[in-house]
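Structural overview
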Amino acid sequence: MQITVLGSCGAWPEPGRACSGFLVEHDGFRLVLDMGFGVASRLFEICPAESVNAVVVTHEHPDHCVDLNALLRARFYGGMPRIPLYCTPGVAGRLNVVEPNPPLSAAFDIHELPGGYTVGPFELTGMLLPHHVPNSGVRLATKDSVLAYTGDTGPDPALAVLAKDADLFIAEATLIEPQQGARSLLTAREAGQWAARANAKRLLLTHFWPGSDRAAAVSSAYAEFSGDIAAAVEGMALRC
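The structure contained in this document is the topic of the report that follows. (Residues numbered from 1 in each chain as written. Predicted model: local features only at pLDDT ≥ 70, side-chain atom pairs only at ≥ 80, totals over all residues. Heavy atoms only, no water.)

**A look at the overall build of the protein chain**
Within the protein chain one finds seven helices and 14 strands. The C-alpha radius of gyration computed for the protein chain amounts to 16 Å, which stays within 12% of the reference 18 Å derived for 240 residues, consistent with globular compactness. Overall, the C-alpha framework of the protein chain stretches about 50 × 35 × 30 Å when taken along its three principal axes. Accessible area for the protein chain stands at about 9,400 Å²; split by element, carbon and sulfur atoms hold 53% of it. Within the protein chain, one finds 17 positive and 25 negative side-chain charges whose respective centroids are separated by 3 Å. (Helix = DSSP H or I, 4+ residues; strand = E, 2+ residues; numbered from the N terminus. Rg over C-alpha atoms; globule rule 2.2 N^0.38 Å. Areas by Shrake-Rupley, 256 points an atom, 1.4 Å probe, with all protein chains shown as cover. Lys, Arg positive; Asp, Glu negative; His and termini not counted. Charge placed at Lys NZ, Arg CZ, Asp CG, Glu CD.)

**Notes on the sheet that holds strand 6 (residues 108–112)**
Strand order across the open sheet formed by seven strands is 6-5-4-3-2-1-14, with mixed pairing between neighbours. Bordering the open sheet on either side are strand 6 and strand 14 (237–239), each of which pairs with just one other strand. Between one strand axis and the next, the sheet turns through 20° on average, direction left out of account. Taken together, the three bridges between strand 4 (residues 54–57) and strand 5 (residues 83–87) define a ladder with parallel strand orientation. Across the sheet, the residue bridging to V56 is Y86, located in strand 5. (Pairing = 2+ DSSP bridges. Axes fitted to C-alpha atoms, helices over the stretch in contact; angles between N-to-C directions.)

**Focus: unusual backbone geometry**
Of note, the amide linkage connecting N101 to P102 takes the cis form, showing an omega dihedral of 10°. Structurally, the position occupied by P102 is in the loop between helix 4 (90–98) and strand 6. Here L113 and P114 are connected by a cis peptide whose omega angle stands at 0°. On the secondary structure map, P114 appears in the loop between strand 6 and strand 7 (115–119). For A11, which is not a glycine, the phi torsion comes out positive at approximately 75°. Among the secondary structure elements, A11 is positioned in the loop between strand 1 (2–7) and strand 2 (21–26).

**A look at the state of the cysteines**
What the rule picks out here adds up to zero disulfides. Sulfur of C9: no disulfide; nearest cysteine sulfur belongs to C19 and is 5.7 Å away. For the unlinked cysteine C65, the closest cysteine sulfur is that of C87, found at 8.8 Å. Residue class for C65 comes out buried when judged on its relative accessible area of 1%. (Disulfide = S-S within 2.5 Å. Buried < 20%, exposed > 50% of the residue type's maximum accessible area, 1.4 Å probe, protein only.)

**So, the packing of aromatic side chains**
One pass over the full model with this rule turns up five aromatic pairs. Ring centres 5.3 Å apart and planes at 65° place the aromatic pair F22 and Y149 in the edge-to-face group. Here the residue F22 occupies a position in strand 2, and Y149 occupies one in strand 10 (residues 146–149), the gap between them amounting to 127 residues. With a relative accessible area of 0%, F22 lands in the buried category. (Phe/Tyr/Trp six-rings, centres within 6.5 Å; stacked < 30°, edge-to-face > 60°.)

**Here we look at helix 6 (residues 188–198)**
Looking at helix 6, one finds that the buried residues are A188, E190, A191, G192, W194, A195 and A198. Two residues or fewer after helix 6 comes N199, characterised by a positive phi angle close to 60°.

**Examining helix 3 (residues 68–77)**
Listed in full, the buried residues belonging to helix 3 are L68, N69, L71, L72 and R75. Taken around the axis of helix 3, the buried residues stretch over an arc of 160°, which confines them to a single face. (Arc of directions from axis to C-beta.)

**Here we look at the pairing of strand 4**
One face of the sheet, then the other: side chains in a regular strand alternate in exactly this way. Residues A54 and V56 line one face of strand 4 and the alternating positions V55 and V57 line the opposite face, and both faces are buried. Following the chain from strand 3 (residues 29–35) across helix 1 (residues 39–46) to the adjacent parallel strand 4, one finds a crossover that is right-handed. (Right-handed = clockwise from strand over helix to strand, strands pointing away.)

**Details of the nonpolar core**
Ranked by size, the top nonpolar core spans 30 residues in total, and within it F169, L203, L205 and I229 carry the most contacts. Going through the elements one at a time, strand 8 (122–129), strand 10, helix 5 (158–162), strand 11 (168–172), helix 6, strand 12 (202–206), helix 7 (214–222) and strand 13 (228–231) are the ones with two or more residues in this core. Element by element, the count of residues in this core is highest for helix 6, at five residues. Aside from chain neighbours lying at most four places away, what touches I229 is L203, L205, V218, A221 and Y222. Membership of the second largest hydrophobic core comes to 26 residues, among which are C47, L68, L85 and A107. (Core = buried A, V, L, I, M, F, W, Y, C linked by side-chain atoms within 4.5 Å. Contact = heavy atoms within 4.5 Å.)

Next comes the structure, spelled out in C-alpha cells:
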C-alpha cells in the first residue's frame, strides 16, 4: 500500500499547502481519502480524474470534502462513469448545496459511513468517532497491511479499535492544549497515546492548525509513543 499526502492542514490551508487529503494506492487501485481545500489540484498532478477508482470522505466539514466538487465536475463533464463514494450522510447534502446540478450522484455511487465494504483490494471499515458533526474514522486493510485514519475526532476508546495493530496510523493533531468539556479534536500528545494503546507500528500526524509548530507536535507525540512518528507534508509518499 502506498500513501501520498495531498494535504495536511486543518480549517484552512497555509500558503503552498492544502487541507486534509491522501491518495492510497494498492495493486493498481487508486482511492482518495478526504478532499479538503486545495486537494484536487495536487491530486490531478499525480493521478488524473479518470484514474481515480473510489473516494472516501470522513465527514462534511469543507476542509475535508469541498474539493470533491472539483472531482465531480472533472468526471461528469469528462463523460466518465460513476465511481463509488463512501461518506457520512451530511457530505452529499453539503456538496449538493454547492452544486445542485449536476448533483453528487451524477458522478458517484454513494455508500453511507460508518459501515463495512469491500473496495477494490481494500476491506474498508468505517467507525463513528466524536466530532462536531458525524465523523467516520477509516480502516483500510489488505492481506498485507492496515492503514487507519481518524478524520477529525476527540479522544475515544474506539480509536484503539480503529488503529489496532495498524501498520500506519494517520491521526489528526489539531490542538496544542486539550479542549475543556466535550472533546472533538486531539492534541499531538493524545494522538501518541492512542497510537500506543492501539499498538500501531507508525504514526503520521496531520490536520495541523495553520501556523502550528509541527516539529513540536512530533516531539510531543514521542512522549507517549515509541514507534516512528512523522508530520504529514504535502507530497510525502509512504508505504505500509
